[in-house]
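Working through the structure, step by step
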Amino acid sequence: MGKTLHDLNADLHSHSTVSDGTLAPAALVRRAAARGVELFALTDHDEVGGLAEAQAAAREVGLALWPGVEISVSFGDQTAHIVGLGIDADNAELVAGLRRVRGGRRVRAQAMADGLAAVGIAGAFEGALKYVGNPELISRTHFARYLVEAGVCSSTNEVFTRYLVPGKPGYVDHGWARLAEAVRWIVGAGGVAVLAHPARYRLTATEQWALFSEFKEAGGAAIEIAVGAHGADEVRRYAQVAREFAFEGSRGSDFHSPEESNTDLGAAPALPYDVVPVWHRFH
Ligand code: AMP
Ligand code: MN
Ligand code: MN
Ligand code: MN
């Protein structure tokens, strides 16, 4: 029996030093190939600057690469993430949109550092900057790494829980892209829009339904089902959502770092067989 599309080891969600990962794009691609990934997407936050390096490395090791991005959007008072796959990274509207989304991150980071200073944690802005690979992309992850280094917490997870989520001293609200806007940039750049890690959002059932409906209405075609952040129950739950909304399904590790990530490249759970894999669109 031949290998089906479902059995392909597709990892369609990952990060490099161009956003908040710790491996450079080429090193990430080599690790993916070594871990048995057969179709790979680099999906840095709000940035496509790592794709050229990733593509060159992928060609060298003979790995199929699908150009990607993960766009931060504001949905009500929440942040959600939309992954774009198969995008033309040179598309002018996408490039301009991403630049705008990245724009406020530095000011936000300064405000985060002020919030941390107010509870006695000094120097967090400079500290976080040491971990930043892309000056336009300071993220909460970089603060988390610094607070571990500084001995404030013993893990980045603990930093998020105690300092970097809504209501905590280092959290600063931010106006990201609007959902429909992010989908439009992705689709306009020839890509497919995928709602990232749906279980990660703190939404009521009604709000979640609104998110799926609005995403579908905007032209979203797929949701992540088989991802590192989802347990077996969540894989089943979001496979059911995909059936109800006629979404295709995606799979990915959301890998950031060999030291921090629980799910390595290529190690996400399998996509349930009755969900259409979004990677059937890859050529
Ligand atoms: P930002 O775009 O600056 O708001 O940072 C968001 C990033 O923080 C996400 O992409 C994750 O990499 C990371 N993150 C969010 N929540 C957590 C958490 N609970 N534990 C570890 N990392 C997290
Ligand atoms: Mn991240
Ligand atoms: Mn995300
Ligand atoms: Mn991600």
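Here's what I pulled together on the structure shown here. (Residues numbered from 1 in each chain as written. Chains lettered and ligands numbered in written order. Predicted model: local features only at pLDDT ≥ 70, side-chain atom pairs only at ≥ 80, totals over all residues. Heavy atoms only, no water.)

1. Here's the deal with the site of ligand 1
Contacts to ligand 1 come from Asp 20, His 45, His 81, Arg 105, Arg 108, Ser 139, Arg 140, Thr 141, Asn 157, Phe 160, Arg 200 and His 256. Residue Asp 20 places a side-chain N or O atom 3.1 Å away from an oxygen atom belonging to ligand 1. Contact between ligand 1 and Thr 141: an oxygen atom at 3.3 Å from a side-chain N or O atom of the residue. Summarising the interface, the protein chains cover 81% of the accessible area of ligand 1, which totals 500 Å² for the free molecule. Elements represented by at least two residues in the shell around ligand 1 include exactly helix H4 (105-117), helix H6 (140-149) and helix H7 (156-164). A breakdown of the residues in the shell around ligand 1 according to their chemical character gives 1 nonpolar, 6 polar and 5 charged. Composition of the shell around ligand 1 by domain shows at least three residues from each of domain 1 (8-102 + 178-281) and domain 2 (105-163). (Near = heavy atom within 4 Å. Polar contact = N/O pair within 3.5 Å; in protein donor to acceptor, adjacent residues only side chain to side chain. Areas by Shrake-Rupley, 256 points an atom, 1.4 Å probe, with all protein chains shown as cover. Helix = DSSP H or I, 4+ residues; strand = E, 2+ residues; numbered from the N terminus. Nonpolar A, V, L, I, M, F, W, Y, C, P; charged D, E, K, R; others polar. Domains from an automatic or database assignment.)

2. Examining the nonpolar core
Within the largest apolar cluster, 68 residues are counted, with the highest numbers of intra-cluster contacts made by Ile 71 and Ile 82. It is helix H10 (residues 232-245) that provides the largest number of residues to this core, a total of 6 residues. In this structure Ile 71 touches Asp 46, Ala 80, His 81, Ile 82, Leu 94, Leu 98, Ala 177, Ala 182, Trp 185 and Ile 186, once residues within four positions along its chain are discounted. (Core = buried A, V, L, I, M, F, W, Y, C linked by side-chain atoms within 4.5 Å. Buried < 20%, exposed > 50% of the residue type's maximum accessible area, 1.4 Å probe, protein only. Contact = heavy atoms within 4.5 Å.)

3. Thoughts on the pairing of strand E5 (residues 78-85)
Counted residue by residue, E5 has 6 buried out of 8 residues, so it is predominantly covered. As paired elements, strand E4 (residues 68-75) and E5 share 8 bridges and run antiparallel to each other. Within the sheet, the bridge partner assigned to Ile 71 lies in E5 and is Ile 82. Adjacent in sequence and paired antiparallel, E4 and E5 are bridged by 2 residues, among which Gly 76 carries a positive phi angle near 60°. (Pairing = 2+ DSSP bridges.)

4. Focus on unusual backbone geometry
With a phi close to 55°, Asp 46 is a non-glycine residue in the positive phi region. Take Asp 46: it is sitting in the loop between strand E2 (39-40) and helix H2 (51-61). The class for Asp 46 is buried, based on a relative accessible area of 0%. Backbone geometry places Asp 254, a non-glycine residue, at a positive phi of 55°. Mapped onto the elements of the fold, Asp 254 is located in the segment after strand E9 (248-252). Judged by its relative accessible area of 14%, Asp 254 falls in the buried class.

5. Quick notes on the coordination of the manganese ion (ligand 3)
Glu 70 (OE), His 81 (ND1) and His 197 (NE2) make up the full set of protein donors to the manganese ion (ligand 3), lying at 2.1 to 2.2 Å. Separating the manganese ion (ligand 3) from the manganese ion (ligand 2) is a distance of 5.6 Å. Within this pair, whereas Glu 70 is found in strand E4, its partner His 197 is found in the loop between strand E7 (192-195) and helix H9 (205-218), the two being separated by 127 residues in sequence. Glu 70 sits in the buried class, given a relative accessible area of 1%. On the basis of relative accessibility, which here comes to 3%, the residue His 197 falls in the buried class. (Donors = N, O, S within 2.8 Å, 3.2 Å for Na, K, Ca; no water.)

6. Some points on the coordination of the manganese ion (ligand 4)
Taken together, His 13 (NE2), His 15 (NE2), Glu 70 (OE) and Asp 254 (OD) make up the full set of protein donors to the manganese ion (ligand 4), lying 2.1 to 2.2 Å away. Of note, the donors binding the manganese ion (ligand 4) are all from one chain and are spaced H-x1-H-x54-E-x183-D. Between the manganese ion (ligand 4) and the manganese ion (ligand 2) the interatomic distance amounts to 4.5 Å. Linking His 13 in the loop between strand E1 (10-11) and helix H1 (25-34) with Glu 70 in strand E4, this pair joins segments that are 57 residues apart in sequence. Glu 70 matches His 13 in its accessibility class, with the two residues each being buried.

7. Digging into the packing of aromatic side chains
Applying the stated criterion across every chain, the model contains 6 aromatic pairs. On the basis of an interplanar angle of 65° and a centroid distance of 6.3 Å, the ring pair of Phe 212 and Tyr 238 is categorised as edge-to-face. You can see Phe 212 sitting in helix H9 and its partner Tyr 238 sitting in helix H10, a full 26 residues away along the chain. (Phe/Tyr/Trp six-rings, centres within 6.5 Å; stacked < 30°, edge-to-face > 60°.)

It is worth stressing that arrangement in space is one thing and function is another; only the former is reported here.
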